[in-house]
Amino acid sequence: MASGVGVNEQCLTTFQELKLKKKHKYIIFNLNKELTEIVVEKTSDVQDYEAFVADLPETECRWAIYDFEFEKEGAGKRNKIVFLSWSPDDAKIKQKMVFASSRERSNVP
Amino acid sequence: MVNYGGDEVSALVIDIGTSSLRAGYAGDDTPKAIIPTSYGFHPPQPDTDVVMSDNTAENPEQPAEKPKFSKIYIGQSGPSMWRAGMEIGNPLENGLIRDFNPIKPLIEHAINKVMLCNSAEHPILVTEPTWNTPANRERMAEIMFEDFNVPAFYIANTGVLNAFAAGKGSALVIDVGQSMASVTPVVDGFVLRKGLAYSPLPKLVYAQARHLITAPTQHRRGVELIPHQLIASKLPVDVGAMPKFTFREDRIAGTTESWRNWAEAREVDEWVQTVAGVLEQGWNDQQAAQRPARQYEFPTGYNAYYGSDRFVVGEQFFTHSPALIASNPNLPKSIPQLITEALRACDPELRQVIMGNVVLTGGGTLFSGLADRLSNELARTFPHAKIHAPGNPIERRYGGWLGGSILASLGTFHQLWISREEWQEHGKPIVGQRCK
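Residues numbered from 1 in each chain as written. Chains lettered and ligands numbered in written order. Predicted model: local features only at pLDDT ≥ 70, side-chain atom pairs only at ≥ 80, totals over all residues. Heavy atoms only, no water.

(A) Just the overall build of chain B, in detail. Regarding its fold elements, chain B presents 17 helices and 21 strands. On C-alpha atoms alone, chain B measures out to a radius of gyration of 23 Å, which is about the 22 Å that the 2.2 N^0.38 rule sets for 436 residues. Along the longest, intermediate and shortest principal axes, the C-alpha atoms of chain B span 70 × 65 × 35 Å. Burial statistics for chain B: of 436 residues in total, 53% are counted as buried. (Helix = DSSP H or I, 4+ residues; strand = E, 2+ residues; numbered from the N terminus. Rg over C-alpha atoms; globule rule 2.2 N^0.38 Å. Buried < 20%, exposed > 50% of the residue type's maximum accessible area, 1.4 Å probe, protein only.)

Written out as structure tokens, the structure reads:
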């Protein structure tokens, strides 16, 4: 079951920029005001993970894609792109609901 | 012409459970109409036709074209009012609708009488338990389109709605209602049907509570459950003393067995909600004895203290005593058993995900201490388990309705409705195709 929310084209292009060109460190997605489309809210190339967490609001839902970089012993640096659903308990039920039911759409890239 | 629910018309959401039927506008945070699912009725008299037409003229509330009852009483002053010769029925059995006859009057009452709106003007979303049968949901669609003339209809799964209402796309939904306890794994908004586990566990808890109240022990006399409708007057008495009360003699002859059962069940329910509990750390005789006893007064005026045995009742949710297992091989599965069974059907990678998102819902989970006990039990086997249990009782009891309310209020949801035109063109199969 899905809510039928659409995805803005910009989301895909920004994601491609992150994945192929490494232009961004992370992308935060949000829904537009009418709750009909997923849009890019913020992109950043700050390397600090704390800065990324600080960008997520405490009482609202978001999705995010984070380019996680880690050292593997004896194998050098690796990158893993991770997708996060941000759904705090304090968020409004309606928002949690829309975000939960639209997640699969935002997963498409 | 509006094809189906445009943005300006709000949809209605109906959630039918064993204890109550919830109905309200999509987008609201509480249902507008909450009426008991049990209904009172008079069985048809031999000369039904004449009596029926008389009754309809006097009382516009009852639609009497159904042959099964000559008169039906629904709503807040339905079953709970004493009437001579009134029987009580409940259309649900094990969480599923078994008898569709009273469904129409029940929904009609909720929408037309309580909410005062016209069902032909609003799209309607109905919820269903995961173990609902295809025949049942098609019948529901038929009633909606043919009897209520709704412009559009959708049927959604309570497990998915509860997960969404908690903000989770994937979750393990533990739903304890009045008659059924179920564990449903939901993954990316879809129910994993093979992982569904359910049992009539709350009924066992109820039977245990009833036994505890009515059977005498050395500290207490057994209580005769007499509903307040049958009591004319009572006097205050000391703890544990014989109650002093007088019967309403005039009512005894007209009281039917089904009404008596229903009223006694309510007394037991009330006792369970006030007194019964479950120990947070698992069963322990000492701890149970240390907890303060609680006093409870029955409608007869009899009152008593319930000490450690009030925790025996709640313990049934988690473990069954060996004596009970020996006496009854077909016991309903306890909550830990249901969870194990549900997880066994899931892929090992999925187990991690859904155990991190456990959603607790249903009126039965408000049982005192149940959420704490469950999180302790889970922590033992799954160190990463995280339970989401809304603190607000409304959110907990009406989680399924709430999810439906939000889903139906989304502008983008409108493409999913089954419209009247589609129903007329495709008929019943479209319900199975559209509502997955």
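(B) Examining the interface of chain B and chain A more closely. The partner chain A presents 18 residues to the 26 residues of chain B that form the contact. Between chain B and chain A, the buried area comes to about 1800 Å², and carbon and sulfur atoms account for 64% of it. The three residues of chain B that bury the most area against chain A are Phe164(B), Ile406(B) and Thr412(B), which together make up 29% of that side's buried surface. Here chain B and chain A share two residue pairs in polar contact (both at pLDDT 80 or more) between them. Sorting the residues of the side of chain B that touches chain A by element identifies strand 10 (152-157), helix 4 (158-165) and helix 15 (399-409) of chain B as the ones contributing at least two each. Per-element tally for the side of chain B that touches chain A: the top contributor is helix 15 of chain B, with five residues. (Contact = heavy atoms within 4.5 Å. Buried area = accessible area lost by both parts, 1.4 Å probe. Polar contact = N/O pair within 3.5 Å; in protein donor to acceptor, adjacent residues only side chain to side chain.)

(C) Looking closely at the packing of aromatic side chains. If you walk through the whole model with that rule in mind, you get 18 aromatic pairs over all chains. Measuring from centroid to centroid gives 4.3 Å for Trp63(A) and Phe99(A), while their planes differ by 35 degrees, and the two rings are tilted. Residue Trp63(A) is found in strand 4 (residues 62-72), and its partner Phe99(A) is found in helix 3 (residues 93-106); the two are separated by 36 residues along the sequence. In this structure an aromatic cluster arises from ring pairing among Tyr26(A), Tyr49(A), Phe52(A) and Tyr66(A). A cation sits over an aromatic face here: Arg139(B) above Phe100(B), 5.3 Å from the ring centre. (Phe/Tyr/Trp six-rings, centres within 6.5 Å; stacked < 30°, edge-to-face > 60°. Lys NZ or Arg CZ within 6 Å of the ring centre and 35° of its normal.)

(D) Focus on the sheet that holds strand 1 (residues 6-7) of chain A. Residues and elements named next belong to chain A. Taken in spatial order, the five strands make up an open sheet running 1-3-2-4-5, and their pairing is mixed. A single partner strand is all that each edge strand has here, and the edge strands are strand 1 and strand 5 (76-86). Sheet topology note: the strand 4/strand 5 ladder contains 11 bridges and is antiparallel. Pairing of Phe 70 across the sheet is with Arg 78, part of strand 5. Of the strands in this sheet, strand 1, strand 2 (26-31), strand 3 (37-44), strand 4 and strand 5 touch helix 1 (residues 9-21), which is tilted by about 35 degrees from strand 3. (Pairing = 2+ DSSP bridges. Axes fitted to C-alpha atoms, helices over the stretch in contact; angles between N-to-C directions.)

(E) Examining the layout of surface pockets more closely. The calculated volume of the second largest pocket comes to roughly 410 Å³. The wall of the second largest pocket is formed by 20 residues, among which Leu84(A), Ser85(A), Trp86(A), Arg103(A) and Asn357(B) lie closest to the centre. Sorting the residues of the lining of the second largest pocket by element identifies strand 4, strand 5 and helix 3 of chain A together with helix 12 (348-355) of chain B as the ones contributing at least two each. Residues belonging to the lining of the second largest pocket are distributed by class as follows: seven nonpolar, eight polar and five charged. (1 Å grid on protein atoms, 1.4 Å probe; cavity = no way out; pocket = protein on both sides within 12 Å on 5 of 7 lines; lining within 4 Å. Points joined across faces, edges and corners; volume = space filled by probe spheres on them. Nonpolar A, V, L, I, M, F, W, Y, C, P; charged D, E, K, R; others polar.)

(F) The sheet that holds strand 4 (residues 39-42) of chain B, seen in detail. Residue and element names in this part refer to chain B. Taken together, the three strands give an open sheet; going across it, the order is 5-4-6, and neighbouring strands pair in antiparallel fashion. Of all strands in the sheet, those with a lone pairing partner are strand 5 (71-73) and strand 6 (87-89), marking the two edges. For this sheet the average axis-to-axis angle between neighbouring strands, irrespective of direction, equals 35 degrees. In the sheet, strand 4 pairs with strand 6 via three bridges, with the strands oriented antiparallel. Each bridged residue has a counterpart across the sheet, and for Phe 41 the counterpart in strand 6 is Glu 87.

(G) Representation of the nonpolar core. Residues and elements named next belong to chain B. Among the nonpolar cores identified, the biggest contains 84 residues, and Ile 14, Ile 16, Leu 21, Ile 107, Met 140, Met 144 and Phe 153 are the most heavily contacted of them. Apart from the residues within four sequence positions on either side, Ile 16 is in contact with Leu 21, Thr 37, Leu 92, Ile 97, Ile 103, Ile 107, Thr 127 and Met 140. By size, the runner-up hydrophobic cluster in this structure holds 44 residues, among which are Leu 204, Val 268, Tyr 302 and Leu 378. (Core = buried A, V, L, I, M, F, W, Y, C linked by side-chain atoms within 4.5 Å.)

(H) Examining unusual backbone geometry more closely. Within the chain, Lys22(A) stands out as a residue other than glycine whose phi angle is a positive 55 degrees. When its relative accessible area of 45% is taken as the criterion, Lys22(A) is described as partly exposed. In this model, Leu116(B) sits at a positive phi of 55 degrees, which is unusual for a non-glycine residue. On the secondary structure map, Leu116(B) appears in the loop between helix 2 (103-114) and strand 9 (124-128).

(I) How the structure looks around the pairing of strand 1 (residues 12-16) of chain B. Residue and element names in this part refer to chain B. Summarising burial for strand 1: five of the five residues are buried, a large majority. Neither face of strand 1 is exposed, since Leu 12, Ile 14 and Ile 16 on one face and Val 13 and Asp 15 on the opposite face are all buried. Direction of pairing for strand 1 relative to strand 9: parallel, over a ladder of three bridges. Paired with Leu 12 across the bridge in strand 9 is Ile 124. Of the pairings in the sheet, the one linking strand 1 to strand 2 (residues 20-25) comprises five bridges and is antiparallel in character.

(J) Just helix 7 (residues 257-274) of chain B, in detail. Residues and elements named next belong to chain B. In a regular helix each residue adds 1.5 Å, so 18 residues correspond to 26 Å; helix 7 covers 26 Å between its end C-alpha atoms and thus fits that length. Considered for burial, the residues of helix 7 that qualify are Trp 259, Trp 262, Ala 263, Glu 264, Glu 267, Val 268, Trp 271 and Val 272. Looking at the buried side of helix 7, the elements it contacts are strand 6, helix 5 (201-214), strand 17 (294-297), strand 18 (303-306) and helix 9 (310-315). (Expected span 1.5 Å × (residues − 1).)

(K) Looking closely at helix 1 of chain A. All names here are of chain A. Between its first and last C-alpha atoms helix 1 spans 18 Å; for 13 residues at 1.5 Å apiece the expected length is 18 Å, and the two agree. Turning to helix 1, its buried residues are Cys 11, Thr 14, Phe 15 and Leu 18. Take helix 1 and look down its axis: the buried residues cluster within an arc of 100 degrees, on one side only. Among the exposed residues of helix 1, those pointing more than 90 degrees away from its buried face are Glu 9, Leu 20 and Lys 21. Structurally, helix 1 contributes buried residues whose contacts are with strand 1, strand 2, strand 3, strand 4 and strand 5. A side-chain oxygen of the first residue of helix 1 lies 3.0 Å from the backbone nitrogen of Gln 10; this N-cap is Asn 8. (Arc of directions from axis to C-beta.)

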